[in-house]
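As a plain string of letters, each chain reads:
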Amino acid sequence: MIICGINAFHGDASAAVFIDGRLSAAVEEERFNRIKHWAGLPIGAGKACLDGEQPDHIAISRNPRANFSSKLRRVITQPGNWNRLLTRAGNNVQTIRASDTLRAAGIGTPKTKFHFVEHHRAHLASAFFCSPFDEAAVISIDGFGDFSSVMWGVGRGNEIELKGAVSFPHSLGIFYTAFTQFLGFAKYGDEYKMMGLSAYGKPRFIPQLHDVVNTHDDQCRLNLDYFIHHTNGVDMSWDAGEPSLGKLFSPKMQHVFGPPRIPRSEILQEQCDLAASVQAVLEENYFALLSFVQKQTAQKAVCLAGGVALNCVANGMIFERSDFRDVYIQPAAHDAGTSIGAALYVQHQILKRPRSFEMRHVYYGPEYSSADIRGALENAGAEAHFLSEDDLVDRTAAQIAEGKIVGWFQGRMEFGPRALGNRSILADPRRKDMKDILNARIKYREPFRPFCPSVLAERVGEYFETDYPSPFMVMAFKIKASQRDLIPAVTHGDGTGRLQTVARDVNPLYWKLIRRFGELTGVPMLLNTSFNENEPIVNTPSEAIDCFLRTNMDVLSIGPYLLLKSENLHVSQNKLAFAAIGTA
Ligand SMILES: [Fe+2]
């Protein structure tokens, strides 16, 4: 039994394939077409995941018929906005015709059965059915999908019983995204920038923000005077291939909070304070909802998905600010994860198959053989050392301990927004200047954004106040005050670290590297950031080698090969000269 899940026409289009109940592959289309957050129909990802097989079922995480009466009512009560109606109708027609388009591209046969799964049902399925729990509360929170922004219920065995939802135009995700735009972070998916900035401000705008959003029971309510999405719509548009949402906030936002920040302009303390206030009010509403759901369900465990569930600062407080005692957050909590969720919804809710899968890691993307890597090295004309696994680990750890920046390309690519030790750039977390060095030499990102630590799972308690598994880098825990000076490059402005706990049986090679670094330095932890330079995470060996040669990375560990920049200066300079000619 092969089930292919598809996230199409939402951000981060993706595909996932389950074979006999187990996830065999999952990948975002952006990794192939190299356009960040790409939002069309993921043909390349679908083909890569199916690997020549044909699916029995295809599940698309969007259902044009979901909440149809609410959508119709909205159109009838606001008949003036025909453009919005036409855009939405166009998207729905595209979705309904997706089966023809996919078949024409070679994905699916006349026997393949197609399913359209409501967006939030797919989010919920991606959280609960991937979790280790037999029974748990399940909550999905995002901007919007199929006219809802929240859905929650109780998962038991292979079934999720729905209990509540929040409908358009009210949305905690829209509240957060509107202020992300207001603070000058205009691109789709920029919310994590405002979250990073919030650590540097005082939340002194909380009283004013209470007029913008509040949550009673499970119902988030926006004061629509501050917004325009309910009249202008929230459909995605395209800007040079990248998806973007239209402006969400009204002139009233400006009257109350001053002029919006111009993108790329200097950041003022007042704007840090506004970011801190928005984060604090998001947390108030987030925990109002979580606490209500906990009381209603009397469950001790909660499973979370939806874009808002990627707010790792809020997630880090779940045990403090709610009565939940266990948590599973879908690693691809944003829309990419709905491909997994749609497939699991069909598997369990429709086909009634029992559960046999737990998502403990994210290494479901493409993998390349040593021969593939050797071919890419030869093509690039790069010089490399072929090493045994032990030698590769020893030399890589030693280079990081010496302050070098290392590209680490091993095994199957990660699914979801985080590089978790297979497509990562690694550095020494003990060096105070490492954040600035990485920003100046490779990442070119805003100085207020944190870099994150990968820690041996069994040593977390030595460094963090909360010793709970966080394998997917979606929770920020307080770093013990006594340890903060020891690991300054991964300690954020508020004393937290958005950690990845690395268990030996989940990623043995990465675990071994961190352990070796710990033996050399006494600190079993690495700074881990995604392997890319203002682009989607690298997928192929050629992309990794290219990124290594054109940036100021010192070392590349790729499969069994180790490359030193000092031995590849000639090819690197050629690459830079070639790039300069290309852009001239
Ligand atoms: Fe979503």
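Cut-offs and rules
Residues numbered from 1 in each chain as written. Predicted model: local features only at pLDDT ≥ 70, side-chain atom pairs only at ≥ 80, totals over all residues. Heavy atoms only, no water. Helix = DSSP H or I, 4+ residues; strand = E, 2+ residues; numbered from the N terminus. Buried < 20%, exposed > 50% of the residue type's maximum accessible area, 1.4 Å probe, protein only. Contact = heavy atoms within 4.5 Å. Areas by Shrake-Rupley, 256 points an atom, 1.4 Å probe, with all protein chains shown as cover. Lys, Arg positive; Asp, Glu negative; His and termini not counted. Charge placed at Lys NZ, Arg CZ, Asp CG, Glu CD. Pairing = 2+ DSSP bridges. Axes fitted to C-alpha atoms, helices over the stretch in contact; angles between N-to-C directions. Donors = N, O, S within 2.8 Å, 3.2 Å for Na, K, Ca; no water. Tetrahedral: all angles 85-135°; square planar, octahedral: opposite > 155°, others 65-115°. Parallel < 35°, antiparallel > 145°, perpendicular 65-115°, else oblique. Left-handed = near helix turned anticlockwise from the far one by under 90°. Nonpolar A, V, L, I, M, F, W, Y, C, P; charged D, E, K, R; others polar. Expected span 1.5 Å × (residues − 1).

A.B. asks: Break down the overall build of the protein for me, with residues and values.
C.D. replies: The secondary structure content of the protein amounts to 22 helices and 24 strands. Summarising its shape, the C-alpha atoms of the protein cover approximately 70 × 60 × 55 Å along the three principal directions. The burial tally for the protein puts 60% of its 584 residues in the buried class. When contacts within the protein are restricted to residue pairs at least 6 apart in sequence, long-range pairs at least 24 apart make up 72% of them. As displayed, the protein has an accessible area near 22,400 Å², and 51% of this comes from carbon and sulfur atoms. The centroid of the 62 positive side-chain charges in the protein is displaced by 3 Å from the centroid of its 63 negative side-chain charges.

A.B. asks: Run through the sheet that holds strand β1 (residues 2-7), naming residues and quoting values.
C.D. replies: The sheet built from five strands is open, its strands ordered β3-β2-β1-β4-β5 with mixed pairing. Looking along the sheet, the strands with just one partner apiece sit at the ends: β3 (22-28) and β5 (113-116). Put simply, the sheet's adjacent strands are angled 15 degrees from each other on average, direction ignored. The pairing of strand β4 (residues 57-60) with β5 spans four bridges and is parallel. Its bridge partner being in β5, I60 is matched across the sheet by F116. Packed on one face of the sheet, helix α2 (residues 43-50) meets β1, β2 (14-19) and β3 and runs near 20 degrees to β2.

A.B. asks: Go over the coordination of the iron ion, please, and point to the residues and values.
C.D. replies: The iron ion binds to the protein through H119 (NE2), H123 (NE2), D142 (OD) and D335 (OD), with metal-donor distances spanning 2.1 to 2.3 Å. Bound by four donor atoms, the iron ion shows angles of 91 to 163 degrees at the metal and therefore irregular coordination geometry. Every donor residue of the iron ion comes from the same chain, spaced as H-x3-H-x18-D-x192-D. Of this pair, H119 sits in helix α6 (residues 119-128) while D335 sits in the loop between β14 (326-329) and α15 (338-350), placing them 216 residues apart in sequence. Among the residues examined, D335 registers a relative accessible area of 10% and is labelled buried.

A.B. asks: An account of the environment of E402 is requested, with residue identities and associated values reported.
C.D. replies: Considering the arrangement of structural elements, one finds E402 in the loop between α17 (389-401) and β16 (406-409). According to the relative accessible area criterion, E402 is exposed, its value standing at 52%. Between the C-alpha atoms of E402 and A427, which are 25 residues apart in sequence, the distance is 9.4 Å.

A.B. asks: Please provide a residue-by-residue account of the pairing of β16, values included.
C.D. replies: Here β16 shows two buried faces, one formed by V406 and W408 and the other by G407 and F409. Of the strand pairs in this sheet, β16 and strand β17 (residues 423-427) are connected by four bridges, and their pairing is antiparallel. Within β17, the residue paired with G407 across the bridge is I425. For β16 and strand β23 (residues 555-558), the ladder comprises four bridges, and the chain directions are parallel. Bridge pairing links F409 to I558 in β23.

A.B. asks: So what's going on with the sheet that holds strand β6 (residues 135-145)? Which residues, and what values?
C.D. replies: Think of a sheet as strands paired side by side through backbone hydrogen bonds, with each pair either parallel or antiparallel. Spatially, the five strands line up as an open sheet ordered β8-β7-β6-β13-β14, and their pairing is mixed. Two strands in the sheet have a free side with no partner beyond their single neighbour: β8 (159-167) and β14. Between one strand axis and the next, the sheet turns through 20 degrees on average, direction left out of account. Sheet topology places strand β7 (residues 148-156) next to β8; eight bridges connect them, and they run antiparallel. The residue of β8 that forms the bridge with R156 is E159.

A.B. asks: Outline the packing of α17 against helix α20 (residues 508-521), supporting the account with residue identities and numerical values.
C.D. replies: Across the interface, α17 lies against α20 with an axial gap of 9 Å and an inter-helix angle of 50 degrees. Taken together, the axis directions place α17 and α20 in an arrangement best described as oblique. Seen along the crossing, α17 lies across α20 with a hand that is right-handed. Contact with α17, carried on its side by E389, D390, V393, D394, T396, A397, A398, I400 and A401, involves L509, K512, L513, R516, F517, L520 and T521 of α20 and no other residues of that element. Among the residues forming the contact of α17 with α20, the class breakdown is nine nonpolar, two polar and five charged.

A.B. asks: Account for α20, with residues named and values stated.
C.D. replies: The end-to-end C-alpha distance of α20, which contains 14 residues, comes to 20 Å, matching closely the 20 Å that a straight helix rising 1.5 Å per residue would cover. What α20 keeps buried is the set L509, Y510, W511, L513, I514, F517, G518 and T521. Where α20 terminates, the next one or two residues include G522, which has phi positive at roughly 85 degrees.

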